[in-house]
Amino acid sequence: MNNLSFATIHELSQALKDKKISVSELISFFSQQFSEHDGALKSALEIFSQESIEHELKNASATSLLSGIPGLIKDNICQKGRIASCSSKMLENYRASYDATAIERLKAVGAPLLGRANMDEFAMGSSTETSAFFKTANPWDISRVPGGSSGGSAACVAAGLVPWALGSDTGGSVRQPASFCNIVGSKPTYGLVSRYGLIAYASSLDQIGVLTRTVHDNAVVMSEIAGHDERDSTSLRVKKTDYTQFLQRKLPAGLKIGVVTNAFEAEGMDADVVKRLQDVLAVYEKSGAVIKRLSLPAMDYGAAVYFMVSRAEAASNLARFDGIRYGYRDTDAKTLSDVYVNDRSHGFGAEVKRRILIGNYALSSGHADAYYQSAKTVQALMRQQFLQAFKEVDLLFMPTTPSGAFKFGAFDNDRLKMDLQDYFNASANLTGVPALSIPAGFTSDGLPVGFQLIGPDLSEGLLFNAAYAYEQQTPWHTMMPPAYSSKK
Ligand code: GLN
């Protein structure tokens, strides 16, 4: 292992086993990565003290590959006693009184949780620009965004500041930043990872996902956090599974991959991205996959349906932040009504307020049928089309994003265009099926490109297998952002 900061979980775990390094040293090494190299990126909101991180390891009751390997947590996932701000002024000082189930499981195997990752406010965005605190940069080009909303989680992993991070994916928020940063991002089947302790944005779509530099690392972390939890009523009755057992260089014989043709015809598709994805298909074909072409017409409405459903649920979920039980309190308020108005006006940023307004409008009497109900009808149609497609093919293949990472402020005057970032991603959330974004190479400007594999419900094993088979034949996962590659 010549470069500790870009080592895999497996390599780090081996170094711990061989006593080449201790857990305390690993924690201090990776904490130092943030103090020395996060200045231009600003991926972390906070790195905890070494003492408090080690204190949390005291209750670990099991061991796994992840024992002793540090990670960073998106700031909408509750860690007991720590702030969980959702990068919002509204929750700037809110301390979680309990651990999310995913966090509890990570602590149980002694995975050190280093701190809190920056994000779009309440996970609403595609660039991490809506964080109330600061913007995070892309390690491949710091004049560009890392994607979002899990932009902090993606940037720190890509820059080798930490081996893994948790994010959340409601309409692409793990996969899109993973694609922008040349890393692997997973969005599990809805209900596979408990939402207990994940601060809700759009509950019927929200899932915690994992960001790592390799497919193997991703499977390691997913194996720890997935599985039934009685504290989440939407949790599936699925036993804990070791997903690393599916990682084989060979594809299952006769694997059928369905290229979603209408995705490639989408407006604004960058020619370089199309080329990279064609190269990916050639690798799969050489490995024995049968490539089919099919179209999923209902998917074309994915961004619009996602727009309505997510705003409606956000309006309802965020109603709880009234400054009384939770959140920012304006000290000048004189009446109860002032308390609500001032707290919500000052506590929420512009994007969050816009979404609450649209959501309440879409749910209001006289409009709910036209907006919310129509969206739910098309959502059901999307699910039907996806299930139909999975009778013909094993996995679906499409882009993760139409282009490489964009510049800061690129969509300031065209918010609707920013929403098109969700076009390829939202359909997996709306249909509930699992998806991975995997590095596919670079554009001619040197910006990372990702591709997306989508499978039927609970096909995580097959997805990891197919992703691993591709990764093992390509060099992308070994490439480091030039500005960060020579650090120790
Ligand atoms: N970009 C999407 C949005 O702005 C996705 C967000 C997410 O998955 N949390 O809502």
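Residues numbered from 1 in each chain as written. Predicted model: local features only at pLDDT ≥ 70, side-chain atom pairs only at ≥ 80, totals over all residues. Heavy atoms only, no water.

**Student:** Honestly, the packing of helix H10 (residues 302-317) against helix H13 (residues 369-392) in this entry has me stumped. Any pointers?
**Tutor:** Axes are the key here: two packed helices are described by the angle between their axes and the distance separating the axes. Direction vectors running N to C along H10 and H13 enclose 125°, while the axes themselves pass 9 Å from each other. Between H10 and H13, the angle is such that the two are oblique. For the pair H10 and H13, the sense of crossing is left-handed. Residues Gly302, Val305, Met308, Val309 and Ala312 of H10 pack against Tyr371, Tyr372, Ala375, Lys376, Val378, Gln379 and Met382 of H13. Broken down by class, the residue content of the contact of H10 with H13 amounts to nine nonpolar, two polar and one charged. (Axes fitted to C-alpha atoms, helices over the stretch in contact; angles between N-to-C directions. Helix = DSSP H or I, 4+ residues; strand = E, 2+ residues; numbered from the N terminus. Parallel < 35°, antiparallel > 145°, perpendicular 65-115°, else oblique. Left-handed = near helix turned anticlockwise from the far one by under 90°. Contact = heavy atoms within 4.5 Å. Nonpolar A, V, L, I, M, F, W, Y, C, P; charged D, E, K, R; others polar.)

**Student:** Please clarify how unusual backbone geometry should be interpreted in this entry.
**Tutor:** With an omega of 10°, the peptide bond running from Gly148 to Ser149 counts as cis. Residue placement: Ser149 occurs in the loop between strand S3 (113-117) and helix H5 (151-158). The phi dihedral of Thr128 is positive, around 65°, even though this residue is not glycine. Tracing the backbone through its elements, the reader meets Thr128 in the loop between S3 and H5. Residue classification places Thr128 among the buried residues on the basis of a relative accessible area of 0%. At Leu458, a position not held by glycine, the phi torsion is positive, near 60°. Relative to the helices and strands, Leu458 is located in the loop between strand S11 (448-454) and helix H16 (460-471). (Buried < 20%, exposed > 50% of the residue type's maximum accessible area, 1.4 Å probe, protein only.)

**Student:** What is the right way to read the site of the ligand from this model?
**Tutor:** In the region of the ligand, 14 residues are neighbours, and Ser126, Gly171, Ser173, Tyr306 and Asp422 sit closest. The backbone of Gly125 places a nitrogen or oxygen atom 3.0 Å from an oxygen atom of the ligand. Here a nitrogen atom of the ligand and a side-chain polar atom of Asp422 are 2.7 Å apart. Alone, the ligand offers 300 Å² of accessible surface; in the complex the protein occludes 99% of this. Among the residues forming the shell around the ligand, the class breakdown is four nonpolar, seven polar and three charged. (Near = heavy atom within 4 Å. Polar contact = N/O pair within 3.5 Å; in protein donor to acceptor, adjacent residues only side chain to side chain. Areas by Shrake-Rupley, 256 points an atom, 1.4 Å probe, with all protein chains shown as cover.)

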